[in-house]
Amino acid sequence: MTVISEWIIGTLILLGALLCLIASIGVLRLPDVYTRNHAASKGATLGVMSLLLGVFLYFLLIQGHFNSRVLLGIVFVFITSPVAGHLIMRAAFNTKIPLWENSVQNDLQKKRDSEKKFNEN
Amino acid sequence: MFDAIMKLSLLILAVSTLFYFYRLVKGPTVPDRVVALDAIGINLIGLTGVTSVMLKTSAFLDVILLLGILAFIGTVAFSKFLEKGEIIENDRNQ
């Protein structure tokens, strides 16, 4: 039983660390702020959630006590990390940081332009 | 075997924090640096979890929640400062 749970915990923690590495490679390599934030907020959140699930299962199955603080940490990261990503990207868009020159779709700018035209008329 | 996997995960997380640190130093714009700083906070949560598994103690697990809250508050404050130029708005300022 302990060996099986050790394998499960090891797989979860290693998968989480690898997802964090992939997210950081995305932040290193992608071309502009918006795509970099996309890599960081999704990849790092998923990686650290898997890793903390492994830590929670370790304390539950091997040490034998239910640790509610790790569960609270998982829920907190899951709620707040996309919100933080959205806020900082809205601030970046409003301070007019340009998109990558090869990007083809900019729906928010289109919406802002149509609103401005509507207000002028 | 289990200990080796934990050490490997710690190494991978350290390398990933190093990549974020490169983006934090070099990043062309301010939101780049804020994104990298937020992700470093998220990575520190993972490092704390793996360390507490390696040392077989649950004493460090309060730090996870605290780091999560601090990273979130820091990012929100930075984004509000970038957008409006002030963090806490007061009626007397206008």
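Residues numbered from 1 in each chain as written. Chains lettered and ligands numbered in written order. Predicted model: local features only at pLDDT ≥ 70, side-chain atom pairs only at ≥ 80, totals over all residues. Heavy atoms only, no water.

For chain B, the name recorded in an unreviewed UniProt entry is Na(+)/H(+) antiporter subunit F1, with Metabacillus flavus as its organism.

An unreviewed UniProt entry lists chain A under the name Monovalent cation/H(+) antiporter subunit G, from Metabacillus flavus. Per its UniProt entry, chain A bears the Sequence similarities (unreviewed entry) comment "Belongs to the CPA3 antiporters (TC 2.A.63) subunit G family." If you open the UniProt record of chain A and go to Subcellular location (unreviewed entry), you find "Membrane". (UniProt positions renumbered as here; feature names shortened; annotations may be inferred.)

Before going further, it helps to examine the UniProt feature "transmembrane region" (unreviewed entry) in chain A. Residues and elements named next belong to chain A. Mapped onto this structure's residue numbering, the UniProt feature "transmembrane region" (unreviewed entry) falls at residues 6-31, 43-64 and 70-89. As a span, residues 43-64 carries 95% helix and 0% strand, and end to end its C-alpha atoms are 30 Å apart. As annotated, residues 70-89 has a helix share of 100% and a strand share of 0%, and its two end C-alpha atoms lie 28 Å apart. (Helix = DSSP H or I, 4+ residues; strand = E, 2+ residues; numbered from the N terminus.)

If you look at the interface, chain A gives 48 residues, while chain B gives 45 residues. Of the roughly 4000 Å² buried at the junction of chain A and chain B (both faces included), carbon and sulfur atoms supply 78%. Considering only the side of chain A, the residues that lose the most area to chain B are L28, R69 and I88 of chain A, jointly responsible for 14% of the buried surface there. For the interface between chain A and chain B, the tally reads 3 salt bridges. With a closest N to O distance of 2.6 Å, R36 of chain A and D32 of chain B form a salt bridge. Joining chain A to chain B, the criterion identifies 5 residue pairs in polar contact (both at pLDDT 80 or more). (Contact = heavy atoms within 4.5 Å. Buried area = accessible area lost by both parts, 1.4 Å probe. Salt bridge = Lys/Arg side-chain N within 4 Å of Asp/Glu carboxyl O. Polar contact = N/O pair within 3.5 Å; in protein donor to acceptor, adjacent residues only side chain to side chain.)

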